[in-house]
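# Analysis of the macromolecular model
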Amino acid sequence: MRLIVAVDQHWGIGKDNDLLCRISADMKYFRQMTTGHTLVLGRKTLESFPNKKPLPNRNHIVLTNNMAYEAEGVTLCHSIEALQTLLQAYDTDDIFVIGGGSIYTQLLPYCDTAYITHIQKTFDADTFFPNLDENPDWTLTQKGGLQQENGIAFSFDIYTKQK
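Structural notes, computed from the coordinates. Just so it is clear, the model here is predicted, and its values are computed rather than measured. (Residues numbered from 1 in each chain as written. Predicted model: local features only at pLDDT ≥ 70, side-chain atom pairs only at ≥ 80, totals over all residues. Heavy atoms only, no water.)

### Focus: helix α3 (residues 80-87)
- Within the span of α3, buried status applies to I80, L83 and L87. Buried residues in α3, looked at end-on, bunch into an arc of 55 degrees, giving them a common side. Structural note: α3 exposes E81 and T85 on the side pointing more than 90 degrees away from its buried face.
- Close packing links the buried residues of α3 with β4 (38-42), β5 (59-63), β6 (75-77), β7 (95-97) and α4 (101-107). (Buried < 20%, exposed > 50% of the residue type's maximum accessible area, 1.4 Å probe, protein only. Helix = DSSP H or I, 4+ residues; strand = E, 2+ residues; numbered from the N terminus. Arc of directions from axis to C-beta. Contact = heavy atoms within 4.5 Å.)

Spelled out as structure tokens, the structure:
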């Protein structure tokens, strides 16, 4: 299983259930990486999408503790154990974890590759991703070239979990 996330310099990922900033190149990268794949996400992440609807051309599995929650066009799952059983039907390379913060934390141990957009700026974040630079299980295996958009520098980096 893989994950994809954009983080600031302190590994912040969001504020008030929204992204810290909008970088069109990052949105395009996310779209290219995830289209045609299965996404695992939390309820709040789904509700942050336009019209609270699933993204086109992707299979969505929403992990939520809320047993009464309903959403169109997604598969609902209510525990990590149930998710693991459900995901056995998929090729692990077909699955992307896309957030939010608690979903990343819960599923990080099951992931083997992390696609990280490193934003070279600090924001007022209230949600964070675990710092992979401080995690001995993870290694930065590909450092992307520094890019700029609207005065914000960023790179597309890949981390790999050590086996």
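Once the structure has been displayed, the description carries forward.
### Description of the pairing of strand β8 (residues 113-119)
- In terms of burial, β8 is largely enclosed, as 7 of its 7 residues are buried.
- When β8 meets strand β12 (residues 152-161), the two strands line up antiparallel, connected through 7 bridges. Among the inter-strand pairings, I119 is bridged to a residue of β12, identified as F154. (Pairing = 2+ DSSP bridges.)

### Thoughts on the environment of F154
- Along the polypeptide, F154 turns up in strand β12.
- Note on F154: relative accessible area 1%, which makes it buried.

### Things to note about helix α1 (residues 24-34)
- All of the buried residues along α1 are D26, Y29 and T34. End-on view of α1: buried residues confined to an arc of 110 degrees, all on one side of the axis.
- Residues of α1 that are buried in the fold lie against β1 (2-7), β4, β7, β8 and β12.
- Backbone geometry just downstream of α1 places G36 in the positive-phi region, at approximately 85 degrees.

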